[in-house]
Amino acid sequence: MAILCTTSKAVIPPVSGALGGDVFVVDDLSAADRRLVSDPAETLVVIGSDVDLDDALNFTACQRLTRPSLGVVLLREGLEVAVLALAIRAGVREVVPASDLDLIAEACLRSENLSRMTPVAVSLPSQQGTEGKVAVVFATKGGCGKTTTATNLAVALHAGGTKRVCLVDLDLAFGDVAISLQLTPVRTLVDAVAMDGRLDVTGVSGLLTHYLPGFDCVLAPVEPGDAEQIPASLVTDLLHVLRRMFDYVVVDTPPQFNEHVLAVLDEADHHILLTTPDVPTLKNLRLTIDMLDMLSYPRDRRAIVLNREDPRVGLTVADVESVVKTNVTSRIPASLAVPASINRGVPITVESPDHPVSIAIRDIAAGTIAGARHEPSAARRGFLGLRRRSG
Ligand SMILES: Nc1ncnc2c1ncn2[C@@H]1O[C@H](COP(=O)(O)OP(=O)(O)O)[C@@H](O)[C@H]1O
Ligand SMILES: [Mg+2]
C-alpha cells in the first residue's frame, strides 16, 4: 500500500483514486518514515505539493541510501527546472504536477515497476560473509567520557570511509550521540519495537541515521518513557543484524548496569572500560571489574582506558593500576579541545586528526579493536549466556 504524505485533505481522494484506492495517508515525513519502519516492504511514497521541498528532498536522499527499492514521487504545483535538478540529485523518481491525476497514476506505476527490479538488500558488509566486531564503551560513572570516546572511536574505526561503522546510542534515557554529531533524531531505537522478533537488514536499515558515507548511527529515543518499551532481547537482535551490515559496531552506554547494557556486554567482542583519574571513579571501576568477573565475562575482552589523564591531578598511572588492580591498556590526555569540539558538534578526530587526543583514540581503535584477534563467539559467554545455561 503506497504512502501518501500530505496535510491537504482535498488531495487525498483524487490521489488515492489515481493509485487504485490503496494508500496509507500520513501528514508528515516523520510519520512516513515510521510507517516505512513498520512496513519495510513498502515501495512507494507520494509526497504532496504542500510538503516543504527541502524536507522532501532530505527524506528522499536519506531513503535512497537505506532503501534503494523505495520510489519517491514528488507532486508540485508547477515544474521548475531548478526543482527538477534538485529532485534528481536527491533521488526522487518522478516530479509530477499535483493537478494531473493521469500523470500521477502513470508515474506511480513506472516507479512500482522499477522497484520490482531493484534489489531490496541494502548496507551490505564490506567483507561479505564475515561478521563485524562489536565494541562497547562503558563506565558506571557519568561524565567519564563514554560518549566522547565512543563517538571518536567510531570515527577512528571508519578510517576515512574504508570501513563501515555503526554507532549505537544505548543511553536510552539521556542519549547524547545525536547532539554530539548534530544529527536530527527522526528515527530512533524505539522504532524497532514494532519489529520485535523479526528484525532484519531491511528493518534495521530503516532505523539508521546517516552521518558520513559508510558511517551510520542508531540513535536513542527522544520521548520520555520510550526507553521502557525497548526489551533487552531487541538490543541483542539489533546487534546480530548490525554485525552483518557493518565492519564495526560501537555502542555508547548509560552509566549503570541495566538489562540493555548486560545484553550488549554479552554480545560485544570488546569491553572498553573507561575511568578518569579521580578516586570515586576509580572505586567505581574496581566494582565494575569485580562485577564483570562475577558474571564470567572473559578478561581478554577487557580494555581499561584512562581518560582525561592529567599530570596535575596527582594520580599517576601506577596509582590507578594499584587501585583497580588491573593494568591500564590505553590513556587519553585531558584537553580543553575535547569539550570545544563537542560544543561545535564535530568529533575531535574529525576536526583535528593530529591532536594528541585523536592520536590516542586512533591507537585504541587500531590496537585494541581492529588489530585484536580472538574468537568472537567466546565473547558471548557472559551473563545472559550463564542465565541461559542455568535456566
Ligand atoms: N579527554 C578529555 N579531555 C577533556 N575533557 C573531556 C575528555 N573526554 C571527555 N571530556 C569532557 O567530559 C564531559 C563528559 O564527557 P561525555 O563523553 O559526555 O561523558 P559520559 O558520556 O561518560 O557521560 C564532556 O564535557 C567532555 O567534553
Ligand atoms: Mg554519555
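Everything quoted here is computed from the prediction, not taken from an experiment. (Residues numbered from 1 in each chain as written. Chains lettered and ligands numbered in written order. Predicted model: local features only at pLDDT ≥ 70, side-chain atom pairs only at ≥ 80, totals over all residues. Heavy atoms only, no water.)

Take the side chain of N152 next. Its location among the elements puts N152 in helix α6 (residues 146-158). Taking the relative accessible area as the measure of exposure, N152 reaches 3% and is therefore buried. Other than its neighbours up to four places away in sequence, N152 contacts P347, I348, T349 and I361. (Helix = DSSP H or I, 4+ residues; strand = E, 2+ residues; numbered from the N terminus. Buried < 20%, exposed > 50% of the residue type's maximum accessible area, 1.4 Å probe, protein only. Contact = heavy atoms within 4.5 Å.)

With that settled, the discussion passes to the packing of aromatic side chains. The full count for this structure, using the stated rule, is two aromatic pairs. Between Y211 and F215 the ring centres are 5.0 Å apart and the planes differ by 75°, which places this aromatic pair in the edge-to-face class. With a relative accessible area of 0%, F215 lands in the buried category. One cation-aromatic arrangement involves R35 over F24; the distance from NZ or CZ to the ring centre is 3.8 Å. (Phe/Tyr/Trp six-rings, centres within 6.5 Å; stacked < 30°, edge-to-face > 60°. Lys NZ or Arg CZ within 6 Å of the ring centre and 35° of its normal.)

We now examine the confidence of the model for the protein. Averaged over the protein, the pLDDT score is 88; the fraction of residues at 70 or greater is 91%. Contacts of residues 121-128 to residues separated by more than four positions or lying in other chains number 20 contacts, the stretch itself having pLDDT below 50. Low pLDDT, under 50, characterises residues 375-391; the stretch is placed with 30 contacts to residues that sit more than four places away or in other chains. (pLDDT = per-residue confidence, 0-100.)

A few words now on the site of ligand 1. For ligand 1, the set of nearby residues contains 16 residues, the closest of which are G143, K146, T147, T148 and R308. Within the backbone of G143, a nitrogen or oxygen atom sits 2.8 Å from an oxygen atom of ligand 1. Interatomic distance of 3.0 Å between a backbone N/O atom of G145 and an oxygen atom of ligand 1. Computed on the free molecule, ligand 1 has an accessible area of 560 Å², of which 79% lies beneath the protein chains in the complex. Taken together, the elements giving at least two residues each to the shell around ligand 1 come down to α6, β12 (302-309), β13 (330-333) and α13 (337-344). Grouping the amino acids of the shell around ligand 1 by side-chain chemistry returns seven nonpolar, seven polar and two charged. (Near = heavy atom within 4 Å. Polar contact = N/O pair within 3.5 Å; in protein donor to acceptor, adjacent residues only side chain to side chain. Areas by Shrake-Rupley, 256 points an atom, 1.4 Å probe, with all protein chains shown as cover. Nonpolar A, V, L, I, M, F, W, Y, C, P; charged D, E, K, R; others polar.)

Read across the open sheet, the five strands follow the order β2-β1-β3-β4-β5; overall the sheet is parallel. If you trace the sheet from one side to the other, it starts and ends with β2 (23-26) and β5 (94-97), each paired once. Averaged over all pairs of adjacent strands, the angle between their axes in this sheet comes to 25°, without regard to strand direction. When strand β3 (residues 44-47) meets strand β4 (residues 71-76), the two strands line up parallel, connected through four bridges. Paired with V45 across the strands is V72, a residue of β4. (Pairing = 2+ DSSP bridges. Axes fitted to C-alpha atoms, helices over the stretch in contact; angles between N-to-C directions.)

The accessible area lost on association of the parts is a frequent measure of interface size. Once the domains are mapped, the protein shows domain 1 (2-117) and domain 2 (133-390). Computed over C-alpha atoms, the centres of domain 1 and domain 2 are 37 Å apart. On the side of domain 2, twelve residues touch domain 1, which itself brings eleven residues to the contact. Summed over both partners, the interface of domain 1 with domain 2 buries about 960 Å², with 64% contributed by carbon and sulfur atoms. Remark: the boundary between domain 1 and domain 2 carries one salt bridge. The salt bridge partner of D33 is R187, with a shortest N-O separation of 3.2 Å. Run the count over domain 1 and domain 2 and you get one residue pair in polar contact (both at pLDDT 80 or more). The set of elements that each furnish at least two residues to the side of domain 1 that touches domain 2 consists of α2 (29-38) and α3 (53-66). (Domains from an automatic or database assignment. Buried area = accessible area lost by both parts, 1.4 Å probe. Salt bridge = Lys/Arg side-chain N within 4 Å of Asp/Glu carboxyl O.)

This part takes up the nonpolar core. Core analysis: the largest hydrophobic core is formed by 50 residues, its most contacted members being V168, L238, L242 and V251. Top element by residues in this core is helix α9 (residues 232-245). It accounts for eight residues. Once residues lying within four places of it in the same chain are set aside, the contact partners of L242 are C166, V168, V204, L208, V218 and V249. Judged by nonpolar contacts, the second largest core, of 35 residues, contains L157, L219, V338 and I348. (Core = buried A, V, L, I, M, F, W, Y, C linked by side-chain atoms within 4.5 Å.)

Residues of β5 alternate between two faces, with E94 and V96 on one and V95 and P97 on the opposite face, all of them buried. Note: β4 against β5, four bridges, orientation parallel. Directly across from V73, in β5, lies its bridge partner E94. Crossover β4 to β5 through helix α4 (residues 81-90) is right-handed. (Right-handed = clockwise from strand over helix to strand, strands pointing away.)

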